[in-house]
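Residue-level structure breakdown
Listed below are the residues making up each chain.
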Number of protein chains: 4
Amino acid sequence: MSDGDTPARSLGGRFDEATDAILHRINRSVPVDQRLWREDIGGSHTHARMLAKVGLITEADRDALWQGLDAVHAEFEAGTFLFQEADEDIHMAVERRLGELVGEPARRLHTGRSRNDQVMTDTLLWLRGAIAGLHGHLSDVVDTLLVRAEEGLDTVMPGFTHSQPAQVSSVAHWLLAHADEATDHLRRLADLHRRIDASPLGSGANAGSFLPLDRETTAANLGFDRPSGNSIASTGSRMALLDAVGVCAMIGTSLSRLGEELVWWSSPQFRWIRLPDRLTTGSSLLPHKRNPDGAELIRGQGKVLPAEFAAMAATMAALPTGYSKDLQHDKAILFRAMDGCRDAVVLTGAHVAALSWDAERLRAACVPQLGALWLADRLVLAGMPFRTAHHLVGAVVRMAGEGSLVDGLEAVSIEHAVPDLEAIHAELTALTPEAMLTGLKTAGSAAPDQVRLQIDALRVRRDATRLGHAED
Amino acid sequence: MSDGDTPARSLGGRFDEATDAILHRINRSVPVDQRLWREDIGGSHTHARMLAKVGLITEADRDALWQGLDAVHAEFEAGTFLFQEADEDIHMAVERRLGELVGEPARRLHTGRSRNDQVMTDTLLWLRGAIAGLHGHLSDVVDTLLVRAEEGLDTVMPGFTHSQPAQVSSVAHWLLAHADEATDHLRRLADLHRRIDASPLGSGANAGSFLPLDRETTAANLGFDRPSGNSIASTGSRMALLDAVGVCAMIGTSLSRLGEELVWWSSPQFRWIRLPDRLTTGSSLLPHKRNPDGAELIRGQGKVLPAEFAAMAATMAALPTGYSKDLQHDKAILFRAMDGCRDAVVLTGAHVAALSWDAERLRAACVPQLGALWLADRLVLAGMPFRTAHHLVGAVVRMAGEGSLVDGLEAVSIEHAVPDLEAIHAELTALTPEAMLTGLKTAGSAAPDQVRLQIDALRVRRDATRLGHAED
Amino acid sequence: MSDGDTPARSLGGRFDEATDAILHRINRSVPVDQRLWREDIGGSHTHARMLAKVGLITEADRDALWQGLDAVHAEFEAGTFLFQEADEDIHMAVERRLGELVGEPARRLHTGRSRNDQVMTDTLLWLRGAIAGLHGHLSDVVDTLLVRAEEGLDTVMPGFTHSQPAQVSSVAHWLLAHADEATDHLRRLADLHRRIDASPLGSGANAGSFLPLDRETTAANLGFDRPSGNSIASTGSRMALLDAVGVCAMIGTSLSRLGEELVWWSSPQFRWIRLPDRLTTGSSLLPHKRNPDGAELIRGQGKVLPAEFAAMAATMAALPTGYSKDLQHDKAILFRAMDGCRDAVVLTGAHVAALSWDAERLRAACVPQLGALWLADRLVLAGMPFRTAHHLVGAVVRMAGEGSLVDGLEAVSIEHAVPDLEAIHAELTALTPEAMLTGLKTAGSAAPDQVRLQIDALRVRRDATRLGHAED
Amino acid sequence: MSDGDTPARSLGGRFDEATDAILHRINRSVPVDQRLWREDIGGSHTHARMLAKVGLITEADRDALWQGLDAVHAEFEAGTFLFQEADEDIHMAVERRLGELVGEPARRLHTGRSRNDQVMTDTLLWLRGAIAGLHGHLSDVVDTLLVRAEEGLDTVMPGFTHSQPAQVSSVAHWLLAHADEATDHLRRLADLHRRIDASPLGSGANAGSFLPLDRETTAANLGFDRPSGNSIASTGSRMALLDAVGVCAMIGTSLSRLGEELVWWSSPQFRWIRLPDRLTTGSSLLPHKRNPDGAELIRGQGKVLPAEFAAMAATMAALPTGYSKDLQHDKAILFRAMDGCRDAVVLTGAHVAALSWDAERLRAACVPQLGALWLADRLVLAGMPFRTAHHLVGAVVRMAGEGSLVDGLEAVSIEHAVPDLEAIHAELTALTPEAMLTGLKTAGSAAPDQVRLQIDALRVRRDATRLGHAED
């Protein structure tokens, strides 16, 4: 800025006073939005090219701007860029520095542009990259889950409902519960990425520009499918950000469930799984501790993400449609959510890759009562109405206590009700957890052959979520 | 139930005591989930057909079940269905009544089915319908916005940023800010609807069934594209519900912004728009009042919806993957969110259709300072760097006070800086709000020809979000 | 209403049209606020008394109103009160019915009153009662926790951090963790109750009344300490409701933690505690199931309550100070939060009272490694710096594996570092879980004598939270 | 750390592997908790004093520790303290540095202490200070509101409900709506501050210590009223933090409402108030802009705070009672909430102090219809039932349109209904906004004499919230 601007009042000749110090401090977004330097410089590069193309600046100006922007870029990369206290935001900081480097052409860069369209352009460019990155990390987690599942196809473990053993299941089937839901999230990420298809650049402050800007060209050069539509919505809405934070919140919710399982299942009472030393930490006081901090951090981070959705919605809530300064909070929330989600995803991948399971303990946890559904279904196949079978097996379980269902079956007099009781008795006597696993018949069940089909299907579904854009 | 079950302990011979009264009261979900009766009966119809097809029940049983289900359906339709205190949920209530009506075949209906897969089937069926309904209502609002926009293409009004006049805009352009965002929501709804493509029926309690259920057939008969994959995820996740509530929250956030505008813009200080008497209400104390309650309810409902997302996420947070009873809260939240969103959408449509605007007051609100960007851009076209023009026009505005920018321009000595100052002076003198509107050049701007293009584009985009399923 | 009012337009001669059906439906709050009938009638009773006292109505009018209000009260109690479709809210319904019963005097009841102050009076009266009720239920839970703790003073169990055994603790100490936090909540409830000390009645719609109302008298008669101050805040704020929902959210968060422990600790891998049959439920499919639904409902309800705080805050967010219709959502949220919190508290009490613990399994879970801190502290007492002791005991634990620390100690050569190693060796050899429990020295620790002191202190602290108001 | 620890595995001899890089990065809390350096050093100072007092360290060790802690303190103050990558958190960083400075005594500092009690001690010390600071800032805002109110006692303005003029009010009455609610918040802050009365120091990791720590002494030396009770709750709960964030959320919600009013009432359509240049900012594109960014930031920050409450609750939700690593998110949330709330409060004070109002425009906004309640109440005083008066005045308003109510009164034939119609007619003709203001009779109303009483009462109430602790 020149023309005698005070640092704190760079934007024009309209004001009598400098900005109040407290307002300047709270208003200043550099600590948060400096992270957008790469996108800001890239957007300016594209903008300058377009300005020259439509004749609003000369090619010499454009070349000077490009040279200057490259120099600023280099300073950021080298970590030598120096912000000044008067820099309100990343946009003004870059333009200020550009002015120091190339002089007058810098005063032409903001032609036909407002910070309102500029910041949305920067943010959406950043967000597309961050979504692509998150998609990649989560896709890796799905891969890892599927590979680990292949190792555990035949390893029986109890399937839980209400945190109580429900049916004989397998390690593979448990891992696939997470892989299945994660693949749905990949689909959400792909849908989300596809919906961020419009370039806000050229929307101006609110209603467009009197200058003949070529928005098609900047949109294409920035990798968008089209220029955005209505200029008010383009600059005053943060709905794409809310959308993204919503997907992070959904991913986080899923991961918190895996975190919970990792924590409990590695506890001494379970010891179903074991995490390697490198994924546990010690205590400052208790010398024997070996804590699953990573799993807890996955769970904790996952649980917090939905609050970021509420925060982002609150920034927009009940604002009139044009840009309002309330929206300034958007980026801190977005960065926290995207970073936190990515961290949780990456940490999850490390855990899934490294955990081992104790097949013997898992098998031992397949308590006799898990035969109850087998017995009920067997009675159904023998012709008994399911409700009758359910009631009868309940009595069998009660008589058996923690012992074998065979004992229970003998204690309950049901000869009259079941034609082939002798055969059932023999089958039940011979019933192993492995037999219960392989005896499952339905698509989506824990039976190894079904799980194998599901693994194949998930690989196909995951591939169908691939993002189409080159830049990511 | 027979076999001497106490009412409060219908599920089997496993227990020594009746359920505690306080647990029974809080556990009982009939007050909420009775709303799913139609889907529950429909799902049972389909399930019975499949059971007969694979030979698990006879055709006679199936016909008896169908007859009974039709009778129960008729009772619900007629409002004569009587719940009993012992009915834990809609599923047990329907099955109990069915037993009263058809006897033993009712004891065979639950063969190969758990309430865990049953309730998810019911809920997803309901949700698909509700999403389709919401999509329809919101699509109607978009239509109305576009029709009203066509009426206001040439009606100038100030475009606001920071709730301060920013540029000359138009009524059409303002309405399109809402139409544009609503069309994005239609896209979200269509993506969401498409993602709810898998039938949970046949997933069992947790790990599948020992019976040869045909899940492909039930999925197809219920209008799903496929049976769901992993049976743990199918019964223990509520992610599709969270996804839906998230879209409701996004829609609500948008509507809260329109509500805010309707409230303020119909206040006496603005009187930009007027709502008809039928959309306002009176005061119990103040005889003169004419309050925009509808607009306030839109705003209030919209603001609350993101909290429902947080609530739904909290129900799932950090649960192990199989079904846990914490998930029981899901339906109350889902119904509130879907109902509240639909109400806000429908009420919005009524307001958009009925509001009138005061073109004279809107024009008068286009204060002289709105020429500032025109003047700056005009100076740019005359060769001045934008930053110089911005600074100079700031001074012009300051000199002009609330008067004409022409006076300000005369007070600022800039002859040296602008070659064709005389022409600019003349153009500025003749500048009307209408000229500023039509002078906008960019795609997405408020210029009437651009708005017309946007209206056409939004109609195309809206049509592209059509849902593909016949049942909706 | 008379004077030819249409039902849907009862409030005055100001309007040309009836209210739109969709607005009437969404605006109508009877389904939610009918719950306030008792407070509404009580407030009107008090209001009528004051009107007569200051001469705004005659004593005959007052008596007629009282008679009529008693009759309406009796109808509500008997369940015979009939709402009409045109009744907008509980206030208009009561006044409408009163008019049918007593004629003209009913037209004088609303003198000097607005629904804005009326509804806040009703709501705060209800809320004070609900807080008192919640305080009573939670106080009962604290009692139960303390009584059960006295049973478990000497019963060792592992104290967990990171869901891993950390130290030898006791059942009493665990229960006191909950009692301590619950007592803090009682204090919050008492502070909250004390802060709801001002009667809004007489604040009018927004700025007060031209009539000589005696607000001191109505405040005293309703049991408040004072009339509220500023009439705008009295009618346009819902901060007391947000405050109350915040305390519910805090209570819920605590309860969700106990729910989590009840769920896991009653699972087969733990079997530390057992819930009686009457607090568990069965499965529709799996005959053997015995699920801790109550504990899960406590956890699930507790987790959802913070979202109600977000919802209540959202209703108020960014509204101008006078009453706006957005606030209509307040009561649905308040009722849900207070009801849900009360249910979770009551259900918690039932669980704490009924659970039993398995002292043998709890003792067996006190693994040898829990001696690590004992050993480190013992080495400190022998003069070793704590960090050195911590490091050394870490090595001891590692060498010991899952065996006795004595073995580990022997495997680590530390003679040089510890003067009285022989004594330590002997003490460690003899160390039992019970010895570790009683060896704890600090205030607030799990040592039985300390826990006994804490129980006494909590009884004193709980008594100090007693609510002071007679009406509760 | 010595003994050959790798930097990333400082805590003991228990582990075979270094911590995984990704876990170390996410687990490391230094970027957030370094802010607690002052409290951490202060707490260690107190801890060392107690250790010497009870004979666990020598006086020479204590003096060495004090000297070292002072040196570390000086490094932090000077900004020269260097964190190392291996420093997990502020506690380990301080202890590591202390070891470098004083050698062996540093290895004795952690005697009888865990990071679990240490971090809660640090955090509560910090929080008490932050609450006291916030209380001070908010108290200043109340002062400013009351002083400004005294300037505006007689300045009429419309009081709004539903964003529509409801009654004649005053600038003072409007400011007092905010002062009243803010004073309630001061009370909440005082209650909150009083509830944070217990020192966690000495609670150990989970169940207490085997060493004879004197917790009474450390509690007193740190300014607490007592040592905390149950050691599990003391180390595993974050309820005090949630409580604090809840009060921040309530304050924020109130401020968001003032922000909303500042934004709209300074807009051109209102111009009721004016903010000085130093509290407005410009636009990068629009040279004429003068935006109320400060007011928008108050509103935006206020709206976001309730989401921090949800986030804090989520970190604790459904955790078992002992410390879990999920709680690590607590400090980032707490700092954001306390900082954001303080910023919004301070910025609010600056706005209240600096805003000016336009008495003429405010008076002009007192439209004739605001006489409606006066007229209705006047008819009541003449003996007419209120409902009849309400209905009749509704018709008067309708006939009057935007003109004088006198015209309306003449157009409605009511001679039969009102005995002293002539007097009323004359009074109405002479009715000014000022007369309507001074004509208000009720406590809490906008009448200048009543507002004066309220100002006095608020000063008394504010003084009653003074915090009692010297350290603050």
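Numbers given for residues are sequential positions, taken from 1 along each chain in its written order. For naming, the first written chain is A and the first written ligand is 1, with later ones following in the order written. A pLDDT threshold of at least 70 governs which residues receive local features in this predicted model, and a stricter bar of 80 or more applies before side-chain atom pairs are shown or counted, although totals over entire chains, interfaces and linings include all residues. Each side-chain value is worked out from all heavy atoms of the structure, with water and hydrogens disregarded.

**Considerations on the overall build of chain A**
Along the backbone of chain A there are 19 helices and six strands. The C-alpha atoms of chain A give a radius of gyration of 31 Å, which is well past the 23 Å a tight globule of 472 residues would have. Each of the three principal axes of chain A carries a C-alpha extent, and together these read 100 × 55 × 40 Å. Whether a residue is buried, partly exposed or exposed follows from its accessible area with a 1.4 Å probe, protein chains only, as a fraction of its type maximum: under 20%, in between, or over 50%, in that order. Counting across all 472 residues of chain A, residues that qualify as buried make up 71%. Within chain A, counting contacts between residues at least 6 apart in sequence, those at least 24 apart form 75% of the total. Strands here are runs of E lasting at least two residues and helices are runs of H or I lasting at least four, both read from the DSSP assignment and numbered beginning at the N terminus. When we talk radius of gyration, it's over C-alpha atoms, and the globule rule is simply 2.2 Å times the number of residues to the 0.38. The contact rule is simple, with two residues in contact once any of their heavy atoms fall within 4.5 Å.

**Focus on the relation of the copies chain A and chain B**
For the pair chain A and chain B, the relating rotation is 180°, the translation along its axis is 0.0 Å, and the fit reaches an RMSD of 0.1 Å. Taken together, the rotation angle and the small translation identify this as a two-fold axis. Mapped onto chain B, 100% of the interface residues of chain A again fall at the interface, so both copies present the same surface. Here the copies are superposed with least squares, the fitted atoms being C-alpha atoms of residues at a pLDDT of at least 70 in both.

**A word on helix α4 (residues 59-78) of chain D**
All names here are of chain D. Helix length check: α4 (20 residues) gives 28 Å between terminal C-alpha atoms against 28 Å at 1.5 Å per residue, within 8%. Among all positions in α4, only Asp61, Arg62, Ala64, Leu65, Gly68, Leu69, Val72, Glu75 and Phe76 are buried. The buried residues of α4 occupy one face: seen down the axis, they fall within an arc of 160°. Those residues of α4 that are exposed and angled more than 90 degrees off the buried face are Glu59, Ala60, Gln67, Glu77 and Ala78. Among the structural elements, α3 (37-53) and α5 (90-102) are those in contact with the buried residues of α4. Directly beyond the C-terminal end of α4, a positive phi value near 75° is found at Gly79. Each residue after the first adds 1.5 Å to the expected span of a helix. Picture the helix axis, draw a direction to every C-beta atom, and the arc is the one those directions span.

**A short note on the pattern of salt bridges**
The rule for a salt bridge is simple: a side-chain nitrogen of Lys or Arg has to be within 4 Å of a carboxyl oxygen of Asp or Glu. Counting across every chain of the model gives 181 salt bridges over all chains. Notably, a salt bridge pairs B:Asp243 with A:Arg188, separated by 2.6 Å at the nearest N-O pair. Separated into two different chains, B:Asp243 in helix α10 (residues 239-265) and A:Arg188 in helix α7 (residues 171-195) make up a pair that spans both. By relative accessible area, which is 5% here, A:Arg188 ends up buried. Bridged by salt links that share partners, the residues A:Arg188, A:Asp191, A:Arg194, A:Arg195, A:Asp243, B:Arg188, B:Asp191, B:Arg194, B:Arg195 and B:Asp243 form one connected network.

**Section: the environment of C:Tyr323**
Note that C:Tyr323 resides in the loop between α11 (293-316) and α12 (330-354). Here C:Tyr323 falls in the buried class, since its relative accessible area comes to 9%. Note: C-alpha distance between C:Tyr323 and C:Leu138 (185 residues apart in sequence) is 34 Å. Those residues in contact with C:Tyr323 that lie beyond four places of it in its chain are C:Asn116, C:Thr235, C:Gly236, C:Arg238, C:Gln328, D:Phe160, D:Thr161 and D:His162.

**Overview of the interface of chain A and chain B**
Residue-level contacts link 116 residues of chain A with 116 residues of chain B. Taken together, the two surfaces of chain A and chain B that pack against each other cover about 9900 Å², and 57% of this comes from carbon and sulfur. Run the count over chain A and chain B and you get nine salt bridges. A salt bridge links B:Arg195 to A:Asp191; the nearest nitrogen and oxygen atoms lie 2.6 Å apart. Side-chain atoms alone can form a polar contact between residues adjacent in sequence; in general such a contact is a pair of N or O atoms within 3.5 Å, and within protein one must be able to donate a hydrogen while the other accepts it. At the boundary of chain A and chain B, one finds 60 residue pairs in polar contact (both at pLDDT 80 or more). In short, buried area is how much 1.4 Å probe accessible area vanishes from two parts on joining, totalled over both.

**Some remarks on the relation of the copies chain C and chain A**
Its rotation angle being 180°, the transformation that places chain C on chain A also includes 0.1 Å of axial translation and leaves an RMSD of 0.1 Å. In this assembly, 100% of the residues forming the interface of chain C have copies in chain A that are likewise at the interface, indicating an isologous arrangement.

**A word on the packing of helix α14 (residues 371-381) of chain B against helix α17 (residues 421-430) of chain B**
Residues and elements named next belong to chain B. Contact pair α14 / α17: the axes reach a minimum separation of 11 Å and the direction vectors enclose 155°. In terms of axis orientation, α14 runs roughly antiparallel to α17. In the packing of α14 onto α17, the handedness of the crossing is right-handed. Side by side, α14 and α17 meet where Trp374, Leu375, Arg378 and Leu379 of the first sit next to Ala423, Ile424, Glu427 and Leu428 of the second. Tallied by class, the residues present in the contact of α14 with α17 amount to six nonpolar, no polar and two charged. Structural elements are reduced to axes, namely lines fitted to C-alpha atoms, with helices fitted over the stretch in contact, and the angle between N-to-C directions of any two is expressed from 0 to 180 degrees. When an angle is under 35 degrees it counts as roughly parallel; over 145 it counts as roughly antiparallel; between 65 and 115 it counts as roughly perpendicular; any other value is oblique. Crossing handedness follows the turn of the near helix against the far one: under a right angle anticlockwise gives a left-handed crossing, and clockwise gives a right-handed one. Charged residues are taken to be Asp, Glu, Lys and Arg, nonpolar residues to be Ala, Val, Leu, Ile, Met, Phe, Trp, Tyr, Cys and Pro, and polar residues to be all remaining types, Gly included.

**What to know about the pairing of strand β1 (residues 156-161) of chain C**
Residues and elements named next belong to chain C. When you tally the buried positions in β1, you get six out of six residues, the bulk of the element. Only strands that DSSP links by at least two bridges are regarded as paired with each other. Here six bridges tie β1 to strand β2 (residues 164-170), and the two strands are oriented antiparallel to one another. Residue pairing in the sheet places Phe160 in a bridge with Pro165 of β2. Hairpin remark: β1 followed by β2, antiparallel, with two residues in the connecting loop; positive phi at His162, about 55°.

**Notes on the domain arrangement of chain A**
You can read the domains of chain A as domain 1 (21-111), domain 2 (116-210 + 224-364) and domain 3 (368-439). Note that the domain bounds reflect an automated or database-derived domain assignment. For domain 1 of chain A versus domain 3 of chain A, the separation of C-alpha centres amounts to 76 Å.

**Focus on the environment of D:Asp243**
Owing to a relative accessible area of 4%, D:Asp243 belongs among the buried residues under this scheme. Residues D:Asp243 and D:Ile196, 47 residues apart in the sequence, show an inter-C-alpha distance of 9.9 Å. Discounting chain neighbours no more than four positions away, the residues touching D:Asp243 are C:Arg188, C:Met250, D:Leu192 and D:Arg195. Among the polar contacts listed, one links the side chain of D:Asp243 to the side chain of D:Arg195, at a separation of 3.0 Å.

**Quick look at the interface of chain C and chain A**
Listed as interface residues are 44 residues of chain C and, on the opposing side, 44 residues of chain A. Taking both sides of the interface into account, the surface hidden between chain C and chain A amounts to around 3700 Å²; carbon and sulfur atoms contribute 60%. Taken together, chain C and chain A are joined by two salt bridges. If you look at where chain C meets chain A, you find 17 residue pairs in polar contact (both at pLDDT 80 or more). Mapped by element, the contributors of at least two residues to the side of chain C that touches chain A are β1, β2, α10 (239-265), α11, α14 (372-381) and α15 (386-400) of chain C. The class makeup of the residues in the side of chain C that touches chain A is 21 nonpolar, 15 polar and eight charged.

**Focus: α10(B)**
Taking 1.5 Å per residue, 27 residues should reach 39 Å; α10(B) reaches 39 Å between its end C-alpha atoms and fits that length. Taking burial as the measure, the 27 residues of α10(B) include 27 buried ones, the bulk of the element.

**Observations regarding unusual backbone geometry**
All names here are of chain C. The backbone phi angle of Ala318 is positive, close to 60°, even though this residue is not glycine. Its place among the elements puts Ala318 in the loop between α11 and α12. On the accessibility criterion, Ala318 (3% relative accessible area) is buried.

**Here's the deal with the state of the cysteines**
All names here are of chain A. Here, two cysteine sulfur atoms that lie within 2.5 Å of each other are counted as a disulfide. Throughout the structure, instances matching the rule amount to zero disulfides over all chains. Here Cys248 is not disulfide-linked; the sulfur of Cys341 is the nearest cysteine sulfur, at 4.1 Å. Overall, the relative accessible area of 1% leaves Cys248 in the buried class.

**Details of the nonpolar core**
Here, nonpolar core refers to any group of buried Ala, Val, Leu, Ile, Met, Phe, Trp, Tyr and Cys residues whose side-chain atoms link them within 4.5 Å. Grouped together as the largest cluster of nonpolar side chains are 365 residues, with contacts concentrated most on A:Met338, B:Met338, C:Leu127 and C:Met338. Beyond its immediate chain neighbours, meaning those up to four positions away, C:Met338 contacts C:Trp126, C:Leu127, C:Ala130, C:Ile131, C:Leu134, C:Ala244 and C:Cys248.

**Focus on the side chain of D:His110**
In this structure, D:His110 sits in the loop between α5 and α6 (115-151). Given the relative accessible area of 1%, D:His110 is considered buried. If near-sequence neighbours (up to four positions away) are discounted, D:His110 is found in contact with A:Ser284, C:Phe386, C:Arg387, D:Glu95, D:Arg115 and D:Gln118.

**Digging into the packing of aromatic side chains**
Any two aromatic rings considered together are summarised by their centre-to-centre distance and by the angle between their planes. Two rings from Phe, Tyr or Trp (for Trp, the six-membered ring) form a pair when their centres sit within 6.5 Å of each other. Planes less than 30 degrees apart are called stacked, planes more than 60 degrees apart edge-to-face, and all others tilted. Following the criterion strictly, the structure yields 54 aromatic pairs over all chains and no others. Between B:Phe270 and B:Trp272, the aromatic rings sit 4.8 Å apart at their centres with planes inclined by 85°, giving edge-to-face as the arrangement. For the pair shown, B:Phe270 and B:Trp272 are each scored as buried. Relative to C:Phe83, the ring of C:Phe76 lies with its centre 5.9 Å away and its plane at 65°, an arrangement referred to as edge-to-face. Note on C:Phe83: relative accessible area 26%, which makes it partly exposed. Grouping aromatic residues by their ring pairs yields a cluster made of A:Phe160, A:Trp174, A:Trp264, A:Trp265, A:Phe270, A:Trp272, C:Phe160, C:Trp174, C:Trp264, C:Trp265, C:Phe270 and C:Trp272. A cation over an aromatic ring shows up here: B:Arg62 above the ring of B:Trp66, its NZ or CZ 4.8 Å from the ring centre. Charge over a ring is defined by NZ of Lys or CZ of Arg lying within 6 Å of the ring centre and within 35 degrees of the ring normal.

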